[in-house]
Amino acid sequence: MRREVDFSLARRGVVSDVRKGTLTRNDVCDAHPELLRAARNMGRESTAACPICGVVGLRYIAYVYGDSLKAPGGRAVASAAELRKLGRLHDQLQCYDVEVCLECSWNFMIRTFPTGRKN
């Protein structure tokens, strides 16, 4: 049984609220500088356009968290191969995929899923 949580419905709701004016751009374009740095330097560039500003080139970055990592702030993962390697080395990790726009600072968690030897 895969325990992946997909946040695409929540994302659509937030984007809809911005377009309706219920939320402002400032409400949703608030990426932390470290998230922007990780997305710029390690993120996977896509051909998708930002749903807020329309600039093409959203970045996707994955973070893993787990007690055995000994990194309380989690760890950015540069590739699927690195994620697989971490999964083989640790019993339980939680992975978070985040999309980030380097232009307007939009960021949204796309999905989360467990990985590791015991998952």
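Owing to the predicted nature of the structure, the values given are computational and were not obtained by experimental measurement. (Residues numbered from 1 in each chain as written. Predicted model: local features only at pLDDT ≥ 70, side-chain atom pairs only at ≥ 80, totals over all residues. Heavy atoms only, no water.)

Draft legend 1. Just the overall build of the protein chain, in detail. Along its length, the protein chain carries four helices and six strands. At 15 Å, the protein chain has a C-alpha radius of gyration in line with the 14 Å of a compact globule built from 119 residues. Seen along its three principal axes, the alpha-carbon backbone of the protein chain occupies a region of about 45 × 30 × 25 Å. Residue pairs at least 24 apart in sequence account for 58% of intrachain contacts in the protein chain once pairs closer than 6 positions are excluded. For the protein chain, the distance from the average site of its 19 positive side-chain charges to the average site of its 13 negative ones is 6 Å. (Helix = DSSP H or I, 4+ residues; strand = E, 2+ residues; numbered from the N terminus. Rg over C-alpha atoms; globule rule 2.2 N^0.38 Å. Contact = heavy atoms within 4.5 Å. Lys, Arg positive; Asp, Glu negative; His and termini not counted. Charge placed at Lys NZ, Arg CZ, Asp CG, Glu CD.)

Draft legend 2. Up close: the pairing of strand β5 (residues 93-100). Counting buried positions along β5 gives six out of eight residues, so the element sits mostly inside the fold. With seven bridges connecting them, strand β3 (residues 59-65) and β5 associate as antiparallel partners. When the bridges of β5 are listed, Y63 appears paired with Y96. Direction of pairing for β5 relative to strand β6 (residues 107-115): antiparallel, over a ladder of eight bridges. Paired with D97 across the strands is R111, a residue of β6. From the end of β5 to the start of β6, which pair antiparallel, there are six residues, and S105 there has a positive phi angle of about 75°. (Buried < 20%, exposed > 50% of the residue type's maximum accessible area, 1.4 Å probe, protein only. Pairing = 2+ DSSP bridges.)

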